[in-house]
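Coordinate analysis (summary)
Here's the letter readout for the chains.
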Amino acid sequence: MNPQAKLIFALSLTLGTTLTISSNHGIMAWTGLEINTLAILPLISKSHHPRAIEAATKYFLVQAAASALVLFSSMTNAWHTGQWDITQLSHPTSCLILTVALAMKLGLVPFHFWFPEVLQGSSLIVGLLLSTLMKFPPITLLYLTSPSLKPSILMTMAILSTALGGWMGLNQTQTRKILAFSSISHLGWMAIIIAYSPKLALLNFYLYTLMTAAVFLSLNSIKALKLSTLMTTWTKTPSLNAILLLTLLSLAGLPPLTGFLPKWLIIQELTKQEVALAATIIALLSLLGLFFYLRLAYCATITLPPHTTNHMKQWYNTKPTNTMVAVLTTMSLMLLPISPIILAVV
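As recorded in an unreviewed UniProt entry, the chain goes by NADH-ubiquinone oxidoreductase chain 2 and comes from Certhia americana. Under the Catalytic activity (unreviewed entry) heading, UniProt states for the chain: "a ubiquinone + NADH + 5 H(+)(in) = a ubiquinol + NAD(+) + 4 H(+)(out)". Per its UniProt entry, the chain bears the Subcellular location (unreviewed entry) comment "Mitochondrion inner membrane".

This brings us to the UniProt feature "domain: NADH:quinone oxidoreductase/Mrp antiporter transmembrane" (unreviewed entry) in the chain. Residues annotated in UniProt with the feature "domain: NADH:quinone oxidoreductase/Mrp antiporter transmembrane" (unreviewed entry) correspond here to residues 24-288. The annotated region residues 24-288 carries 74% helix and 0% strand content, and the separation between its end C-alpha atoms amounts to 38 Å.

As a further point, take the packing of aromatic side chains. Aromatic ring pairs are reported here in terms of the distance separating the ring centres and the angle at which the planes meet. Using the criterion set out here, one finds 8 aromatic pairs in the structure. Relative to Phe115, the ring of Trp114 lies with its centre 5.4 Å away and its plane at 70 degrees, an arrangement referred to as edge-to-face. For the pair Trp114 and Phe115, one class covers both residues: buried. Measuring from centroid to centroid gives 4.9 Å for Phe292 and Tyr293, while their planes differ by 45 degrees, and the two rings are tilted. For Phe292, a relative accessible area of 1% puts it in the buried group. Here the aromatic residues Phe136, Phe205, Tyr206 and Tyr208 are joined through ring pairs into a cluster of three or more. Directly above the ring of Phe115 sits Lys135, whose terminal nitrogen or CZ lies 3.7 Å from the centroid. Between the NZ or CZ atom of Lys263 and the centre of the ring of Trp189, over which it lies, the distance is 5.1 Å.

Turning next to the side chain of Lys263. Examined against the element boundaries, Lys263 turns out to sit in helix H13 (residues 260-272). Buried and unpaired, Lys263 has Glu269 as its nearest opposite-charge partner, separated by 17 Å.

Calculation criteria
Residues numbered from 1 in each chain as written. Predicted model: local features only at pLDDT ≥ 70, side-chain atom pairs only at ≥ 80, totals over all residues. Heavy atoms only, no water. UniProt positions renumbered as here; feature names shortened; annotations may be inferred. Helix = DSSP H or I, 4+ residues; strand = E, 2+ residues; numbered from the N terminus. Phe/Tyr/Trp six-rings, centres within 6.5 Å; stacked < 30°, edge-to-face > 60°. Buried < 20%, exposed > 50% of the residue type's maximum accessible area, 1.4 Å probe, protein only. Lys NZ or Arg CZ within 6 Å of the ring centre and 35° of its normal. Lys, Arg positive; Asp, Glu negative; His and termini not counted. Salt bridge = Lys/Arg side-chain N within 4 Å of Asp/Glu carboxyl O.

Next up, the structure:
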């Protein structure tokens, strides 16, 4: 793909995202979502591999259906109340349709089936965009409409997402599919808290984006698409492998790493809101995710390939690690001590 085309698609993604997050009108939010969908499709299918074309087709069908539901929700609300403002959703049918539409956009259970398949058919960099940037507009719409949405529906979808995201990631051998189920699991944490503390859900999304970007870029720099590839990467980039281990544990939410901060705050807030049972269930379900992160970390750092002289010295000839990877991994590990400052800013 030539640089001009990439620039156009990057600008379109920026425009679509900005349009959606800055608009209150239903039509403008829908327009931004459509621009985003159309801009990412050529990036997914640029390799012309049958798997990539299949992924682009699935993505287009699901996102087009979800965008149509967003528009239908706004139209229904406007028909009954005369309001196009998405922050003033008051009609129950509109609220229900919008919840379904945003769940489809994000890949929340039971509308999650498309996401692992699309991620598996994309490259790691496009997978990073799908897991982070493309989730930002729907999360923003969820943030804006959270006072109107039913907490019981969101909580049910959140617990199911955390359970299935952890459960279905257990037997995967492809790193992109593992990260897709990881994303579904993390979205469950965001969905459960957004009705009670929308700012906390956004903080969770920012930190999730930070840690996921660090993992995707690390895997991209060592070209690891399968667990079997990860087993030999320590001979090429030993320092990056060691840091990848800690970043994965941060994504799992272990203290004293950055990933522990949102989980800790969410459980604390749920307990304050007297839904301690939901907090207990979602905390226990996160152990499923911890298992497959540990498996990734184990494959990356603890398994040993055959010890041949050439094999052991491969890291002498490798290029230095990207600065972006270094910055993101450092932030993924060390933000917990400055959590009071982060909370003051948010």
